[in-house]
Amino acid sequence: GDSVTQMEGPVTLSEEAFLTINCTYTATGYPSLFWYVQYPGEGLQLLLKATKADDKGSNKGFEATYRKETTSFHLEKGSVQVSDSAVYFCALNMIYNQGGKLIFGQGTELSVKP
Amino acid sequence: NAGVMQNPRHLVRRRGQEARLRCSPMKGHSHVYWYRQLPEEGLKFMVYLQKENIIDESGMPKERFSAEFPKEGPSILRIQQVVRGDSAAYFCASSPSGANEKLFFGSGTQLSVL
């Protein structure tokens, strides 16, 4: 079935370091792809999304490009801040009229040290 | 505009008791999704509801679990005769329409079964 695989955490970086969190997916069709972020004690928030191949989603300095040929949607940020410390979830959606029915990866915890 | 409200934040039950988890969607949102997050795993879809209707319950365990979203009041996820394996974080999310892919999540209910 459809699935999402993320790199395992925790990922620990120093402030201003470059971030990559890998995400690959398996899907029978052409999914929409998402990154959600969960800050401590809060619910998940949509960070960015891409709905078709070669689309790039971006928000708050984070970027991810929908790569159909490698079935990937890696999250990147050029210079992380302490405030980026959170758990990041990659997800996909296959059903247009059930836009909230998402398949999530297991999450990657990011810790940024000053 | 208040966000998605879930209560209680923490719920402790003994084996065999019932658990009721409540979710009030954002104002104007009539679509609600429930997800479960087991330890060390990603969020797993459980059920999708609109007002007074269950649209997709393919992720719900066949026994002991039920969900409703009445015309008035919050959505309720009910777990009867809880077992230790039900211990998890339960998240509710809402959206303004079925095709809308941006979900707004609550902060979750952490259920602990003793």
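The preceding data block contains the structure.
Predicted, not measured: the structure shown is a model, and the values here were computed from it.

Conventions used here
- Residues numbered from 1 in each chain as written.
- Chains lettered and ligands numbered in written order.
- Predicted model: local features only at pLDDT ≥ 70, side-chain atom pairs only at ≥ 80, totals over all residues.
- Heavy atoms only, no water.
- Contact = heavy atoms within 4.5 Å.
- Buried area = accessible area lost by both parts, 1.4 Å probe.
- Salt bridge = Lys/Arg side-chain N within 4 Å of Asp/Glu carboxyl O.
- Polar contact = N/O pair within 3.5 Å; in protein donor to acceptor, adjacent residues only side chain to side chain.
- Helix = DSSP H or I, 4+ residues; strand = E, 2+ residues; numbered from the N terminus.
- Nonpolar A, V, L, I, M, F, W, Y, C, P; charged D, E, K, R; others polar.
- 1 Å grid on protein atoms, 1.4 Å probe; cavity = no way out; pocket = protein on both sides within 12 Å on 5 of 7 lines; lining within 4 Å.
- Points joined across faces, edges and corners; volume = space filled by probe spheres on them.
- Buried < 20%, exposed > 50% of the residue type's maximum accessible area, 1.4 Å probe, protein only.
- Pairing = 2+ DSSP bridges.
- Axes fitted to C-alpha atoms, helices over the stretch in contact; angles between N-to-C directions.
- Disulfide = S-S within 2.5 Å.

1. Considering the interface of chain A and chain B
Part 1: The interface is formed by 23 residues belonging to chain A together with 23 residues belonging to chain B.
Part 2: Here chain A meets chain B over a buried area of about 1700 Å², counting both sides, of which 53% is carbon and sulfur.
Part 3: The tally of links between chain A and chain B comes to one salt bridge.
Part 4: Taking the shortest distance from any N to any O, the salt bridge between Asp56 of chain B and Lys101 of chain A comes out at 2.7 Å.
Part 5: Summed over the shared surface of chain A and chain B, the number is seven residue pairs in polar contact (both at pLDDT 80 or more).
Part 6: Residue contributions to the side of chain A that touches chain B peak at four residues, all from strand S5 (residues 32–38) of chain A.
Part 7: Per-class residue counts for the side of chain A that touches chain B are eight nonpolar, 12 polar and three charged.

2. Brief notes about the environment of Phe45 of chain B
Part 1: When you line up the elements, Phe45 of chain B lands in strand S5 (residues 43–50).
Part 2: Along the chain, Phe45 of chain B and Phe91 of chain B lie 46 residues apart, while their C-alpha atoms are 9.5 Å from each other.
Part 3: In this structure, Phe45 of chain B is in contact with Lys101 and Leu102 of chain A together with Tyr33, Trp34, Tyr35, Asp56, Ser58 and Gly59 of chain B, ignoring residues within four places of it in sequence.

3. Focus: the layout of surface pockets
The gaps left among the atoms become clear once a water-sized probe is rolled over them.
Part 1: In this structure, the largest pocket encloses a volume near 370 Å³.
Part 2: Looking at the lining of the largest pocket, the elements that each hand over two or more residues are strand S10 (86–93) and strand S12 (108–113) of chain A together with strand S9 (88–95) of chain B.
Part 3: The residue inventory of the lining of the largest pocket, partitioned by class, reads seven nonpolar, eight polar and three charged.

4. Topic: the pattern of salt bridges
All names here are of chain B.
Part 1: Within this structure, the stated rule accounts for seven salt bridges over all chains.
Part 2: Between Glu18 and Arg20 there is a salt bridge, with the nearest N and O atoms lying 2.8 Å from each other.
Part 3: We classify Arg20 as partly exposed; its relative accessible area is 36%.
Part 4: When salt bridges with common partners are traced through the structure, they connect Glu18, Arg20 and Arg78 into a single cluster.

5. Here's the deal with the pairing of S10 of chain A
Residues and elements named next belong to chain A.
Part 1: Extensive coverage of S10 is indicated by the burial of seven of its eight residues.
Part 2: The sheet contact formed by S5 and S10 spans seven bridges and is antiparallel. Within S10, the residue paired with Ser32 across the bridge is Asn93.
Part 3: Looking at chain direction, S10 and strand S11 (residues 102–104) are connected through three bridges and run antiparallel. Bridge assignment links Asn93 to a residue of S11, and that residue is Leu102.

6. Quick look at the sheet that holds strand S7 (residues 65–68) of chain B
All names here are of chain B.
Part 1: Strand order in this open sheet of four strands is S1-S3-S8-S7, and the pairing throughout is antiparallel. In this open sheet, the two strands that pair with only one neighbour each are strand S1 (5–7) and S7. Within this sheet the neighbouring strands show an average axis-to-axis angle of 15 degrees, counted without direction.
Part 2: Across five bridges, the pairing between strand S3 (residues 19–24) and strand S8 (residues 75–79) is antiparallel. Bridging from a neighbouring strand, Arg22 pairs with Ile76 of S8.

7. Quick notes on the state of the cysteines
Residue and element names in this part refer to chain B.
Part 1: Applying the stated criterion across every chain, the model contains two disulfides over all chains.
Part 2: Disulfide pairing places Cys23 opposite Cys92 at an S-S distance of 1.7 Å. What sets the handedness of the Cys23 and Cys92 disulfide is the S-S torsion sign, and at about -50 degrees it is left-handed. One end of the pair, Cys23, is in strand S3; the other, Cys92, is in strand S9, with 69 residues separating them in the sequence. In this pair, the class of Cys23 matches that of Cys92, namely buried.

8. Overview of the side chain of Gln6 of chain B
Residues and elements named next belong to chain B.
Part 1: Checked against the element boundaries, Gln6 lands in strand S1.
Part 2: For Gln6, a relative accessible area of 8% puts it in the buried group.
Part 3: Reaching out from Gln6, the side chain makes a polar contact with the backbone nitrogen of Cys92 at a distance of 3.0 Å.
Part 4: Side-chain polar atoms of Gln6 contact the backbone nitrogen of Gly108, separated by 3.0 Å.

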